[in-house]
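Breakdown of the fold
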Amino acid sequence: MVAIGKILFLGVVLLIGVTHGYQVKPRNYDKIVQQQMKFNEEFEKEFLVEHLLYTETGNMSVRLQEMFEYLKHKPDMFRQELDNHPLEYQTTECTACRSLVTTYLTYRRVLNWDRDRIAAQAASTCDSLAILLPENCVKVIDKNIDIFLYIIDNRPSLTAQTICGVIFQSGACVLQDPEFLNWSINVAPGGTPITSSKTGPNRGPNDIKIIHLTDLHYDPHYRTGYNAVCGEPCCCREEQGIPENPAEGAGEWGDYRDCDSPWKAVEDAVQEAGRRHPDAAYVYHTGDIIDHGVWMTTIPGNVRSITRTMELLKQVFPNKPVYNVLGNHEITPTNVFAPSHITRPDFSASWVYDLVADQWSTWLPAATRPTIQHGGYYTALVRPGFRVIGLNNNDAYTFNWWILYDPAYLRSQLQWLHDTLLQAEQAGEKVHILAHIPIGAGTSFAPWSRQYRRILDRFWNTVQAHFHGHTHADEFNVFYSQANPQHAINVAFNGGGTVPFSNFNPNYIVYYVNPQTFEVTDFESYFFSLSEANRNPLRNPLWQPLYSFNRDFNIPNSSPASLDALARRFGSNPAELHRYWQHKVKFGDPFIEEGCDGACLMNHLCEIVTNTANDDTKCNEIIALFREIDDDKWNFEQ
């Protein structure tokens, strides 16, 4: 996850993470943070002394062993994005980040360790923390070490506090560096004033249908029957062998247990969407084609997987425009999208931009090529009055190490987005925005999110909807005006994912869009039970409707106003919120067996209304209702 030392601890775990979440903070949170910051400072100093002694003598003291044990990552955290980790564990991760980064910065800047010595020691730390098998620790560190060294060598003022503050954005890892906080874009004056929540039309017979596919995560190394309980962040792979217990073997159509998808499952999902919805006008594909085996990714391997997937989309939807965006897994090393001015061949992202500029040209006009080749983003006029913008907001993912090198480079794409929306407004066009990382996620760099929300406040009447992936959860997020948080002004819909990683059933979504306003009026999700499919491996999975949202939740339409009202309803009706959670996890058997108690449901409720890391305004408002609910309403019968 983090610099040098976090190459190991966070460097692996956050390269893997998927589902994001919100953690409701206790009332004494500020006091806890102050105590944790003091603890971190003391732990950080002691760890450095103990680790220096260890590297000098080769003997690990009992105290250093205890400290490593304290920092070890829980295996079940592999399947979750950082902000979905329990708050008490987030504090440990922050401690680990500060301690490891300070130690390795000392080795590089004070003791002048060379690349190979740092890499070897980092691999040893990775092994001590039991993150990966030793040989895979070496591989993932080797993929990231040169980037980290380049960044810290060229940014001598970069501190552990700033590095960990960028990545964690909360708790005791507080970002205070003004260079990372105090940047902005130019926003044009004017626009339609926000005086109320944004309403919209009801679903009609002439609505446009749009298919949303996301997070296919094709694993060319997936093998049926191979180890699904491998102890690493990604299992069911050829090199992990066949387990002694057949019950621990990978299923025919995928596996709940931290595994990606075999090609037959990817193919089946895309073909099912095409067969079932021949009347769909467009397809949105919001990224993450590549698997979670981050220690093994290569440019040639990623090119093969991306090309094979694009060919499938062309075959299944020969007469439909497909609008794609990049996922954080499409690059190698995973997550790491270098600025365009970084031209060093082993760092540059130009290979993936050039690749998709060619692959997407089937569906996009030639005018999109320059921005795709520059940064992986584009805009295209879908039809008169209706425009799509495809962002590459992976550059603002907090595990993109290049933020640490040059936070100001994030301005470029945001300013382009603003300018594009200004032109769309002047032309009377309505816009859908596609982006892989949910803009409201806690792993979206908070200063970037704040600038994005300035843009959205200005163009709330031009942007009609957002479409995201990444989390693998079937969910939505409501945006509120920054000036008046009572006004709901936009919605982001998440397509879930066709991959079961981890504990989900596969799904895709179909939206109904008004042909005049291009607002989403309703949406439906389709899924299959992975357990049932693997019990019947000789036939294709049985896809079925998961929900029709307006009908199942008794709302007139899917406008921001309606979904805001629904979130408030959830706040006073735990049974209804529980049903939303079941749909969100797509009735994945492990999720349903584990259940979701009141604290769990509060987190999911706050996730609906939170748009920027550490902005608890709407969460605090909505859980005030939730905490007043009588205990007798908490009995959920499956």
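Look up a bit, the structure's there.
Residues numbered from 1 in each chain as written. Predicted model: local features only at pLDDT ≥ 70, side-chain atom pairs only at ≥ 80, totals over all residues. Heavy atoms only, no water.

Looking at the packing of helix α19 (residues 574-584) against helix α21 (residues 598-609)
For any two helices packed against each other, the geometry comes down to the angle between their axes and how far apart the axes lie. Defined as follows: In this analysis, axes come from line fits to C-alpha atoms, helices being fitted only over the stretch in contact, and the angle between any two N-to-C directions falls in the range 0 to 180 degrees. Where helices and strands are cited, they refer to DSSP runs of H or I of at least four residues and of E of at least two residues respectively, numbered from the N terminus. Orientation labels follow simple angle bins: below 35 degrees gives roughly parallel, above 145 gives roughly antiparallel, 65 to 115 gives roughly perpendicular, and whatever is left gives oblique. Note on contacts: a residue pair qualifies if any of its non-hydrogen atoms lie within 4.5 Å across the two residues.
α21 packs onto α19 with a crossing angle of 75° between their chain directions and a minimal axis gap of 10 Å. Judged by the angle between their axes, α19 and α21 are roughly perpendicular. Of α21, the residues touching α19 (which contributes Pro574, Leu577, His578, Tyr580, Trp581 and Lys584) are Cys600, Leu601, His604, Leu605, Glu607 and Ile608.

Comments concerning the pattern of salt bridges
To be explicit about the condition: Salt bridges are counted wherever a side-chain nitrogen of Lys or Arg sits within 4 Å of a carboxyl oxygen of Asp or Glu. Remark: exposure states derive from per-residue accessible area (1.4 Å probe, protein chains only) relative to the maximum for the residue type, with buried under 20%, exposed over 50%, and partly exposed in between.
For the structure on display, the rule yields 35 salt bridges. In this structure, Glu238 and Arg223 form a salt bridge, with 3.4 Å as the shortest nitrogen-oxygen distance. With Glu238 in the loop between β1 (208-213) and α9 (263-276) and Arg223 in the loop between β1 and α9, this residue pair connects regions lying 15 residues apart in the sequence. Here Lys264 makes a salt bridge to Glu252, at a shortest N to O gap of 2.7 Å. Highlighted residues: Lys264 in helix α9 and Glu252 in the loop between β1 and α9, separated in sequence by 12 residues. Look at Glu252 and you get partly exposed, because its relative accessible area is 23%.

Focus on the pairing of strand β11 (residues 520-527)
Selection criterion: Paired strands, as defined in this entry, are two strands with at least two bridges between them according to DSSP.
Counting buried residues in β11 gives 8 out of 8 residues, a clear majority hidden from the surface. Of the pairings in the sheet, the one linking strand β10 (residues 507-513) to β11 comprises 7 bridges and is antiparallel in character. Counterpart to Tyr508 in the pairing with β11 is Tyr526. The turn linking β10 back onto β11 is made up of 6 residues, and Phe518 within it adopts a positive phi angle of 65°. Pairing geometry for β11 and strand β12 (residues 544-548), over 4 bridges, is antiparallel. Looking across to β12, one finds that Glu524 is bridged to Ser548.

Considerations on the pairing of strand β7 (residues 463-468)
Rules: Note on handedness: a clockwise path from strand one over the helix to strand two, with the strands aimed away from the viewer, defines a right-handed crossover.
Most of β7 sits inside the fold, with 6 of its 6 residues counted as buried. Across 4 bridges, the pairing between strand β6 (residues 430-434) and β7 is parallel. Paired with Ile433 across the two strands is His466, which belongs to β7. For the crossover that starts at β6, traverses helix α15 (residues 446-458) and ends in the parallel β7, the hand is right-handed.

Notes on the packing of aromatic side chains
Rules: Any two of the Phe, Tyr and Trp rings considered here, Trp counted by its six-membered ring, make a pair once their centres fall within 6.5 Å; the pair's planes then place it as stacked at under 30 degrees, edge-to-face at over 60, or tilted in between. In this scheme, Lys NZ or Arg CZ marks a charge over a ring once it lies within 6 Å of the ring centre and within 35 degrees of the ring normal.
Here the structure, examined in full by the defined rule, presents 41 aromatic pairs. Both rings, one in Trp402 and one in Tyr405, keep their centres 5.5 Å apart while their planes meet at 90°; by these two values the pair is edge-to-face. Within this pair, Trp402 and its partner Tyr405 are both found in helix α13 (residues 402-405), separated by 3 residues, close to a single helical turn. Both residues of the pair, Trp402 and Tyr405, belong to the buried class. Taking the centre distance of 5.8 Å and the plane angle of 75° together, the rings of Phe553 and Phe570 count as edge-to-face. In this pair, Phe553 is assigned in helix α17 (residues 549-553) and Phe570 in helix α18 (residues 560-572), connecting sequence segments 17 residues apart. Summarising the burial analysis for this pair, Phe553 and Phe570 share the class buried. Across the ring face of Trp253, the terminal group of Lys264 is positioned such that the distance to the ring centre comes to 4.2 Å. Looking at Arg579, its charged tip hangs above the ring of Phe553, at a distance of 4.5 Å from the centre.

Concerning the state of the cysteines
This is how the line gets drawn: Whenever a pair of cysteine sulfur atoms sits within 2.5 Å, that pair is classed as a disulfide.
A complete count under the given rule lists 7 disulfides for this structure. Here Cys97 engages in a disulfide with Cys164; their sulfurs sit 2.0 Å apart. Torsion about the S-S bond of the Cys97 and Cys164 cystine: about -95°, corresponding to left-handed handedness. Of the two residues, Cys97 is situated in helix α4 (residues 87-109) and Cys164 in helix α7 (residues 160-168); the sequence distance between them amounts to 67 residues. No difference in accessibility class separates Cys97 from Cys164, as the two residues are buried. Disulfide pairing places Cys236 opposite Cys259 at an S-S distance of 2.0 Å. Its S-S torsion of about 65° marks the bond between Cys236 and Cys259 as right-handed, since a negative value means left-handed. On the criterion of sequence distance, the pair formed by Cys236 in the loop between β1 and α9 and Cys259 in the loop between β1 and α9 is long-range, its members being 23 residues apart. Each member of the pair, Cys236 as well as Cys259, is classed as buried. For Cys234, which is in no disulfide, the shortest distance to another cysteine sulfur is to Cys259 and amounts to 6.6 Å.

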